[in-house]
Amino acid sequence: MPKMKTRRAAAKRFKKTASGEFKHFKNFKSHILEHKSPARKRTLRKAALVHKTDKEHVAKMLPYA
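In this text the structure is predicted, and so the values were computed from the model without any measurement.

J.: Explain the overall build of the protein here, please?
T.: Counting its regular elements, the protein contains three helices and three strands. Listing each helix as α and each strand as β along the protein from the N terminus yields α-β-β-α-β-α. For the protein, whose C-alpha radius of gyration is 15 Å, the value lies well above the compact-globule estimate of 11 Å for 65 residues. When the backbone C-alpha atoms are referred to their principal axes, the protein occupies close to 50 × 25 × 20 Å. Buried residues in the protein amount to 15% of all 65 residues. For the protein, the proportion of contacts with a sequence separation of at least 24, taken over those separated by at least 6, is 58%. Surface exposure of the protein reaches about 5800 Å², of which carbon and sulfur atoms provide 56%. Averaged over its 20 positive side-chain charges, the protein has a centre that lies 7 Å from the centre of its 4 negative ones.

Okay, here's the thing in structure tokens:
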């Protein structure tokens, strides 16, 4: 059976943690920042975990993660 291919777009966006979860960085942080509050921008800096309903989809996109 041939090797499975990794979705490269997903590989750039998600990383697997030691506990098996997937982490991602939040969106809405690249431009149009002057009307967003400083507290909101600070929150957007932090990484977040993929929700449990999406974990299976991300795992399929990254078979070797």
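There is more to say after this.
J.: How should I be thinking about the pattern of salt bridges in this particular structure?
T.: Pairing between side chains of opposite charge can happen when their charged atoms approach one another. Within the structure shown, the criterion is met by one salt bridge. A salt bridge links Glu21 to Lys55; its shortest N-O distance comes to 3.8 Å. One end of the pair, Glu21, is in the loop between β1 (14–16) and β2 (22–25); the other, Lys55, is in helix α3 (residues 55–61), and 34 residues separate them in sequence.

Here is what the cut-offs are and how they apply
- Residues numbered from 1 in each chain as written.
- Predicted model: local features only at pLDDT ≥ 70, side-chain atom pairs only at ≥ 80, totals over all residues.
- Heavy atoms only, no water.
- Helix = DSSP H or I, 4+ residues; strand = E, 2+ residues; numbered from the N terminus.
- Rg over C-alpha atoms; globule rule 2.2 N^0.38 Å.
- Buried < 20%, exposed > 50% of the residue type's maximum accessible area, 1.4 Å probe, protein only.
- Contact = heavy atoms within 4.5 Å.
- Areas by Shrake-Rupley, 256 points an atom, 1.4 Å probe, with all protein chains shown as cover.
- Lys, Arg positive; Asp, Glu negative; His and termini not counted.
- Charge placed at Lys NZ, Arg CZ, Asp CG, Glu CD.
- Salt bridge = Lys/Arg side-chain N within 4 Å of Asp/Glu carboxyl O.

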